[in-house]
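# Chain and residue survey
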Amino acid sequence: MEIQKVGVIGAGQMGNGIAHVMSLAGYDVIVNDLSEEALNAAVARIEKNMLRQVSKGQIEESDMAAALARIGTSLDVAALGQSDLVIESATENEEIKNKIIEGLIPHLPEHTIVTTNTSSISITRLASRTDRPEKFMGFHFMNPVPLMKLVELIRGIATDDETYQSCLKVVETLGKTAASAEDFPAFIVNRILVPMINEACYTLYEGVGNVASIDNAMKLGANHPMGPLELADFIGLDTCLAIMNVLHDGLGDTKYRPCPLLTKYVAAGWLGRKVKRGFYDYRGDVPMPSR
Ligand code: NAD
């Protein structure tokens, strides 16, 4: 099926990135969120990020103008009624996503593919809330969307091949690469990455190394561009903890138990970069280990 019109629900850090790459690739995009402020902030962010790409010579100014002209916004989910593909990228909360899906479906024609950018919630369970589980799947971008080359495509138990192939074609049009994953907790990237981060937390918790030695060890010893604790701060410690809980609950294996130190940082509100404190303190000029 030819996809031309794309609806994006949720204009946060991922939703605005998705609208950014979709519009640059030539799709008509409508972004939906709960407030005008969220929509305006998303459009302003997209413009700022595209200007950076222009200044680096990655895109032409005319590409930017054409892409911005392809982005519309609406507070009313009914405005997504003409979409060939919808990507739900609202807050990571199953109740919120269920309500969004239930409100959206009555506005959609039969052919519309519905997808979710969830990092951890079961695709099969979300699909069961729709009238089209065979046309529902996971479309999981990485953060930051304009820079990261991978999209995980996750089939629910009922997803049909035509839907998968249509989404694969969109990923290719974006110039990104797809990794196909089955619908099990945290899919591929987070199943591997977040337990490594959790293990780094245990390494700190048990005093094997301090923050600087753990991050340096993995940067210089394993050639990782960021140390695991620095990466945890970038992702958000609350998000890391939520994903560990999904793995622990969903797979029932004690190897996924969240590190008590990670839980303690989250309880303290030390959630990482977004609040300027996590494993590092970002309030000064140079990030310093917080303890
Ligand atoms: P965010 O908090 O930045 O944005 C979420 C947006 O959803 C907010 O603007 C909020 O107002 C909006 N929203 C909430 N309820 C809504 C509703 N009923 N209708 C419309 N909009 C609504 O979150 P984010 O980081 O952009 O994450 C969005 C999704 O992407 C989540 O499912 C998350 O798991 C997934 N994801 C996040 C990352 C990451 O690194 N942050 C990476 C991959 C996937």
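The written sequence of each chain sets the order in which its residues are numbered from 1. Local features are withheld for residues below a pLDDT of 70 in this predicted model, meaning they are given only at 70 or higher, and side-chain atom pairs are given and counted only at 80 or more; totals for whole chains, interfaces and linings count all residues. Calculation of side-chain values draws on the structure's entire complement of heavy atoms; hydrogens and water are dropped beforehand.

### Some details on unusual backbone geometry
What counts, and what does not: Runs of E in the DSSP output that reach at least two residues are strands. Runs of H or I that reach at least four are helices, and both are numbered from the N terminus.
In this structure, the amide linkage connecting Asn 143 to the following residue, Pro 144, adopts the cis form with an omega of 0°. By secondary structure assignment, the location of Pro 144 is in the loop between strand S6 (136-141) and strand S7 (150-155). If you check the backbone angles, Ala 186 has positive phi at about 70° while not being a glycine. Among the secondary structure elements, Ala 186 is positioned in the loop between strand S8 (177-182) and helix H7 (189-205).

### What to know about the environment of Val 170
Selection criterion: Any two residues whose heavy atoms approach within 4.5 Å at even a single point are treated as in contact.
Within the secondary structure, Val 170 is located in helix H6 (residues 161-173). For Val 170 and Gly 12, which are 158 residues apart along the polypeptide, the C-alpha to C-alpha distance reads 21 Å. Residues contacting Val 170, with those up to four places away along its chain left out, are Ile 3, Met 22, Tyr 27, Leu 85 and Phe 139.

### A few points about the layout of surface pockets
Using a probe with the size of a water molecule, rolled over the atoms, empty space left in the structure can be pinpointed. Test applied: Put simply, the grid is 1 Å and covers the protein atoms alone, a cavity is a trapped set of points that fit a 1.4 Å probe, a pocket is an open set with protein on both sides within 12 Å along at least five of seven lines, and lining residues have an atom within 4 Å of a point. Grid points are joined across faces, edges and corners, and a volume is the space filled by probe spheres set on the points. Gly falls in the polar group here, along with every residue not listed as nonpolar (Ala, Val, Leu, Ile, Met, Phe, Trp, Tyr, Cys, Pro) or charged (Asp, Glu, Lys, Arg).
Of the voids in this model, the largest pocket is the one considered here, and its volume is about 1400 Å³. Gln 13, Met 14, Ser 119, Asn 143 and Thr 239 are the residues nearest the centre of the largest pocket, which is lined by 47 residues in total. Put simply, the parts of the chain that give the lining of the largest pocket at least two residues each are helix H1 (13-24), helix H4 (94-104), S6, H7, helix H9 (228-235) and helix H10 (237-251). Tallying contributions element by element places H7 first for the lining of the largest pocket, with six residues. Here the residues of the lining of the largest pocket sort into 27 nonpolar, 16 polar and four charged. Roughly 700 Å³ of internal volume is contained in the second largest pocket. Those elements that provide at least two residues to the lining of the second largest pocket are H1, helix H2 (36-55) and H9. Residues that form the lining of the second largest pocket fall into these classes: seven nonpolar, nine polar and seven charged.

### Focus on the nonpolar core
The condition that has to hold: Residues enter a nonpolar core if they are buried and are Ala, Val, Leu, Ile, Met, Phe, Trp, Tyr or Cys, with the set joined through side-chain atoms within 4.5 Å. Burial classes: relative accessible area under 20% of the type maximum marks a residue as buried, over 50% as exposed, and values in between as partly exposed (1.4 Å probe, protein chains only).
Core analysis: the largest hydrophobic core is formed by 35 residues, its most contacted members being Met 22, Leu 85, Phe 139, Phe 141 and Leu 153. If near-sequence neighbours (up to four positions away) are discounted, Phe 141 is found in contact with Met 14, Ile 18, Val 21, Met 22, Ile 87, Asn 117, Leu 150, Val 151, Leu 174 and Lys 176. Ala 186, Leu 247, Tyr 265 and Tyr 280 belong to the second-largest nonpolar core, a separate cluster that totals 28 residues.

### Structural notes on the domain arrangement of the protein
Definition in use: An automatic or database domain assignment provides the domain bounds reported here. Note on terms: buried area is the combined drop in 1.4 Å-probe accessible area of two parts once they are placed together, counting the loss on both. Definition used for salt bridges: Asp or Glu carboxyl oxygen within 4 Å of a side-chain nitrogen of Lys or Arg. What qualifies as a polar contact is a pair of N or O atoms within 3.5 Å, subject to a donor-acceptor requirement within protein and to the restriction that residues adjacent in sequence count only when both atoms come from side chains.
Along its sequence, the protein is organised into domain 1 (5-181) and domain 2 (190-289). The C-alpha-based centres of domain 1 and domain 2 are spaced at 28 Å. The interface is formed by five residues belonging to domain 1 together with four residues belonging to domain 2. With both sides pooled, the region where domain 1 packs onto domain 2 buries about 340 Å², and carbon together with sulfur makes up 57% of that total. Interface area lost by domain 1 to domain 2 is led by Ser 119, Ser 120 and Asn 143, which between them contribute 75%. Put simply, domain 1 and domain 2 have zero salt bridges between them. On inspection of domain 1 and its partner domain 2, the count reaches zero residue pairs in polar contact (both at pLDDT 80 or more). Class assignment for the residues of the side of domain 1 that touches domain 2 results in one nonpolar, four polar and no charged.

### Side note on the packing of H7 against helix H11 (residues 260-267)
Counted only if it meets this: A fitted line through C-alpha atoms represents every axis, and for helices the fit uses only the stretch in contact; the resulting angles, taken between N-to-C directions, go from 0 to 180 degrees. Should an angle fall under 35 degrees it is taken as roughly parallel, and over 145 as roughly antiparallel, whereas 65 to 115 is taken as roughly perpendicular and any remaining angle as oblique.
The contact between H7 and H11 brings their axes to 8 Å, and the two run at 95°. Of the possible angle classes, the one that applies to H7 and H11 is roughly perpendicular. Together, Asn 198, Cys 201, Tyr 202, Leu 204 and Tyr 205 of H7 and Pro 260, Leu 261 and Leu 262 of H11 make up the contact between the two elements. Taken together, the residues that form the contact of H7 with H11 break down as seven nonpolar, one polar and no charged.

### As for the site of the ligand
Just so we agree on the cut-off: Only a single heavy atom is needed: when it lies within 4 Å of a molecule or strand, its residue is near that molecule or strand. Each accessible area is a Shrake-Rupley estimate made with a 1.4 Å probe; only the visible protein chains count as cover when residues are assessed. Any molecule with more than half of its atoms within 2 Å of a cavity's or pocket's grid points is regarded as sitting in that cavity or pocket.
Close to the ligand lie 22 residues; Met 14, Asp 33, Glu 92, Lys 97 and Ser 119 are nearest. One of the backbone nitrogen or oxygen atoms of Thr 91 is found 3.5 Å away from an oxygen atom of the ligand. Glu 92 is positioned with one of its side-chain polar atoms (N or O) 2.5 Å from an oxygen atom of the ligand. Relative to its unbound accessible area of 840 Å², the ligand is 78% covered by the protein chains. In this structure the site holding the ligand corresponds to the largest pocket. Every element with two or more residues in the shell around the ligand is listed here: H1, H4 and S6. Sort the elements by how many residues they give to the shell around the ligand and H4 lands first, with three residues. Here the residues of the shell around the ligand sort into eight nonpolar, 11 polar and three charged.

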